[in-house]
Amino acid sequence: MNVKGKVILSMLVVSTVIVVFWEYINSPEGSFLWLYHSKNSELGDNGRQKDWWFPSWFKNGTNNDQGEEEDIDRDQQKEGNEEELRLWDWFNPQKRPDVVTVTRWKAPVVWEGTFNRAILERYYGKQKITVGLTVFAIGRYIEHYLEEFLTSANRHFMVGHRVIFYIMVDDVSRLPLVELGPLRSFKVFEVQPEKRWQDISMMRMKTIGEHIVTHIQHEVDFLFCMDVDQVFQDAFGVETLGQSVAQLQAWWYKADPDTFTYERRKESAAYIPFGQGDFYYHAAIFGGTPIQVLNITRECFKGILQDKKNDIEAEWHDESHLNKYFLLNKPTKVLSPEYCWDYHIGLPSEIKTVKISWQTKEYNLVRNNI
């Protein structure tokens with residue numbers, strides 16, 4: 001064969017190889033030729049390698065680095081979303097068909113049996129949260145209630161998480177000695193006493209707000225405000241945390257709103273007309289994030305000052321104003337009466353585990369004016 005024939009034959013062979021090769025790489029069986037094993041490939045659960053890298057410019061003729069970056073961003077966003085705590089991850093209202101477990105604005109009403117504490121603990125454990133608790137003990141409330149309140153709170157309040165107790169008293173020298181457990185600390189503040197217990201109750205809104213602004217907002221992730229004349233009976237845990245948290249009043253949780261002891265006089269800033277209202281909330285416990293609690297205390301104190309200017313006092317003082325606030329600003333979480341129960345009612349079947357109970361109200365011993 002002459003040289004010319006050899007060249008023609010070679011060109012035919014090369015052309016045939018190119019055609020075969022092109023058909024092969026465009027077939028499913030041939031696609032592996034364009035896959036490059038990534039540097040950090042891993043083995044999936046079924047033993048096959050994953051995390052392959054396919055150069056995007058072989059797909060569309062351009063280097064799509066931006067698209068790859070967007071994929072990474074989406075993956076990171078997905079991972080972030082997986083870290084977000086969703087209501088249905090920990091809350092199952094169907095577990096308690098005997099009680100109201102969801103408000104009409106879709107906020108959870110937390111009853112024993114509706115929440116998965118293990119999931120919540122894992123989530124908040126990663127967050128490394130700090131929870132604050134304010135309590136006021138003025139006059140003889142110090143001797144009668146404060147020690148048992150702090151001792152029981154040390155045992156049951158947010159166990160396993162950092163806690164700061166903010167103790168407001170009118171005489172620091174009478175503060176009881178309470179040994180706190182791990183992750184617990186307290187700060188004591190002396191406040192001016194008021195002549196009437198009603199004023200003590202109402203002025204705490206102003207005091208809490210001032211402390212949130214000056215330091216509490218920088219120290220805790222969540223804050224609860226509680227009355228001192230109650231005692232912890234069982235775990236008061238992370239299932240109670242939320243943006244704004246309201247407590248159902250034990251004596252009124254089954255009642256019709258028109259029978260609630262709301263402030264019914266139009267002259268008061270706490271006025272709620274008949275035909276309105278969701279629940280009757282107990283001022284013995286409320287909470288949320290520091291900023292939300294600041295909003296609560298500011299609005300309640302604003303209403304109290306307005307009433308004083310108009311020479312009127314709401315029927316149930318700061319509690320009346322708190323109920324007006326939550327009527328206009330729906331709480332994001334509501335606690336069942338199990339979290340603040342009065343044993344004088346008895347123990348109905350729906351009360352599974354009492355978290356906090358009322359102390360005996362010895363008003364004749366602890367109040368200057370009845």
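Right, let's walk through the structure included here. Fair warning: this is a prediction, and the values are worked out from it, not measured in the lab.

## Details of the overall build of the chain
A tally of regular secondary structure across the chain gives ten helices and twelve strands. Counting only residues that meet the buried cut, the chain has 44% of its 370 residues in that class. The contacts in the chain between residues at least 6 apart in sequence include a share of 70% that link residues at least 24 apart. Surface exposure of the chain reaches about 20600 Å², of which carbon and sulfur atoms provide 53%.

## Comments concerning the sheet that holds strand S4 (residues 130-137)
Pairing is mixed across the open sheet formed by eight strands, whose spatial order is S3-S11-S9-S10-S7-S4-S5-S6. The open sheet has two free edges, formed respectively by strand S3 (109-110) and strand S6 (184-190), since each of these has just one partner strand. Strand direction decides the pairing type here: strand S7 (residues 222-226) and strand S10 (residues 281-288), joined by four bridges, are antiparallel. Residue pairing across strands places Phe224 opposite Gly287, the latter belonging to S10. On top of the sheet, helix H6 (residues 141-156) reaches S4, strand S5 (162-169), S6 and S7; it is set at about 165 degrees to S4, its chief contact.

## A closer look at helix H8 (residues 290-309)
In this model H8 runs 28 Å from its N-terminal to its C-terminal C-alpha over 20 residues, within 8% of the 28 Å that 1.5 Å per residue would give. Among all positions in H8, only Pro290, Val293, Leu294, Ile296, Thr297, Cys300, Phe301, Gly303, Ile304 and Asp307 are buried. Backbone geometry just downstream of H8 places Asp311 in the positive-phi region, at approximately 55 degrees.

## Describing the pairing of S4
Most of S4 sits inside the fold, with eight of its eight residues counted as buried. Residues Thr130, Gly132, Thr134 and Phe136 line one face of S4 and the alternating positions Val131, Leu133, Val135 and Ala137 line the opposite face, and both faces are buried. Bridge count between S4 and S5: eight bridges; the pairing is parallel. When the bridges of S5 are listed, Val131 appears paired with Val163. For S4 and S7, the ladder comprises five bridges, and the chain directions are parallel. Among the inter-strand pairings, Val131 is bridged to a residue of S7, identified as Phe222.

## A look at helix H5 (residues 117-127)
A distance of 3.1 Å separates the backbone nitrogen of Ala118 from a side-chain oxygen at the start of H5, and that oxygen is part of Asn116. Directly beyond the C-terminal end of H5, a positive phi value near 55 degrees is found at Lys128.

## Considerations on the environment of Met203
Counting through the fold element by element, Met203 comes out in helix H7 (residues 197-214). Put simply, Met203 and Cys300 are 97 residues apart on the chain and 10.0 Å apart in space, counted from C-alpha to C-alpha.

## Thoughts on the environment of Glu190
Within the secondary structure, Glu190 is located in strand S6. Residue Glu190 is classed as exposed on the basis of its relative accessible area of 54%. In this structure the C-alpha to C-alpha distance between Glu190 and Val169, which are 21 residues apart in sequence, comes to 5.1 Å. In contact with Glu190, not counting residues within four places along its chain, are Val169, Asp170, Asp171 and Val172. In terms of polar contacts, Glu190 uses its side chain to reach the backbone amide nitrogen of Val172, at 3.2 Å.

## Quick word on the side chain of Lys333
Within the secondary structure, Lys333 sits in strand S11 (residues 333-335). At 2.5 Å, the side chain of Lys333 and the backbone oxygen of Leu241 are in polar contact. The contact partners of Lys333, leaving out residues within four places of it in the chain, are Trp90, Ala107, Pro108, Val110, Glu239, Thr240, Leu241, Ser244, Val245 and Ala246.

## Some remarks on the packing of aromatic side chains
Here the structure, examined in full by the defined rule, presents 23 aromatic pairs. Pairing Phe157 with Phe165 gives two aromatic rings, centres 6.5 Å apart and planes at 45 degrees, and the pair type is tilted. Since its relative accessible area comes to 0%, Phe157 is described here as buried. Put simply, the rings of Phe149, Phe157, Phe165, Phe224, Phe232, Phe236 and Tyr339 touch in pairs and so form one group of aromatic residues. For the cation-ring pair, Arg264 lies above Phe274, with the distance from its terminal atom to the ring centre recorded as 4.0 Å. One cation-aromatic arrangement involves Lys330 over Trp105; the distance from NZ or CZ to the ring centre is 5.2 Å.

Reading guide: rules and limits
- Residues numbered from 1 in each chain as written.
- Predicted model: local features only at pLDDT ≥ 70, side-chain atom pairs only at ≥ 80, totals over all residues.
- Heavy atoms only, no water.
- Helix = DSSP H or I, 4+ residues; strand = E, 2+ residues; numbered from the N terminus.
- Buried < 20%, exposed > 50% of the residue type's maximum accessible area, 1.4 Å probe, protein only.
- Contact = heavy atoms within 4.5 Å.
- Areas by Shrake-Rupley, 256 points an atom, 1.4 Å probe, with all protein chains shown as cover.
- Pairing = 2+ DSSP bridges.
- Axes fitted to C-alpha atoms, helices over the stretch in contact; angles between N-to-C directions.
- Expected span 1.5 Å × (residues − 1).
- Polar contact = N/O pair within 3.5 Å; in protein donor to acceptor, adjacent residues only side chain to side chain.
- Phe/Tyr/Trp six-rings, centres within 6.5 Å; stacked < 30°, edge-to-face > 60°.
- Lys NZ or Arg CZ within 6 Å of the ring centre and 35° of its normal.

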